[in-house]
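Understanding the architecture of this molecule
One-letter residues, chain by chain:
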Amino acid sequence: MATAKKAAPAKKAAPAKKAAPAKKAAPAKKAAAPAKKAAPAKKAAPAKKAAPAKKAAPAKKRTPNAAFMKAMTPSAQLAAVIGEKALPRTEVTKKVWEYIKKNGLQDKVKKTMINADAKLKEIFKQAQVSMFEMTKLINAHLK
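To keep things clear, this report deals only with the structure shown in the data block. (Residues numbered from 1 in each chain as written. Predicted model: local features only at pLDDT ≥ 70, side-chain atom pairs only at ≥ 80, totals over all residues. Heavy atoms only, no water.)

1. Things to note about the pattern of salt bridges
Here is the rule: Throughout this description, the term salt bridge denotes a Lys or Arg side-chain nitrogen within 4 Å of a carboxyl oxygen of Asp or Glu. Numbering goes from the N terminus for both helices and strands, where a helix is a DSSP run of H or I of at least four residues and a strand is a run of E of at least two. Only protein chains enter the area calculation, which uses a 1.4 Å probe; residues under 20% of their type maximum are buried, those over 50% are exposed, and those in between are partly exposed.
In total, this model carries 1 salt bridge according to the counting rule given. Two residues, E91 and K94, come together in a salt bridge whose shortest N-O distance is 3.6 Å. In this pair, E91 and K94 both sit in helix α5 (residues 89-102), 3 residues apart, roughly one turn of the helix. What makes E91 partly exposed here is its relative accessible area of 31%. Since its relative accessible area comes to 48%, K94 is described here as partly exposed.

Here is the structure:
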């Protein structure tokens, strides 16, 4: 269905190109061109009115999920990276990212990959892990 939508605007653009040479040939039609350009400007004005209404909707305060805020105790391998203090999962992930950035372990070519050093190899069990599976592997070390 997406291809059908893309095809429709292409058909509309083609007649506009054919009409453009006709405008150059007849100077009287140039006066009609600004009138057509003014019409889309009118369409843009209602869109601006709709935008503030959307901004008013997300005024509700989000409450954090209690499961994410629960303090988790890290395993001995993970404690070597983030410390032995019990932290929520969100903070554990932040601490691991601080460690990765501090030691330059993010792959230079593909930024989504993490190159594990000796401490992280104990957690990941691999030499290289994607950032998306990193949190899954870290959660296995939280109790």
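2. A few points about the nonpolar core
We apply this condition: The set of buried Ala, Val, Leu, Ile, Met, Phe, Trp, Tyr and Cys residues whose side-chain atoms join them within 4.5 Å is what this entry labels a nonpolar core. Any two residues whose heavy atoms approach within 4.5 Å are treated as being in contact.
Core analysis: the largest hydrophobic core is formed by 21 residues, its most contacted members being L120, F124 and M134. Listing elements by their share of this core, those giving two or more residues are α4 (76-82), α5, α6 (118-124) and α7 (131-139). The element best represented in this core is α5, accounting for 5 residues. Once residues lying within four places of it in the same chain are set aside, the contact partners of M134 are V96, W97, I100, I114, F124 and V129.

Treat this as a map of the structure, not an account of what it does.
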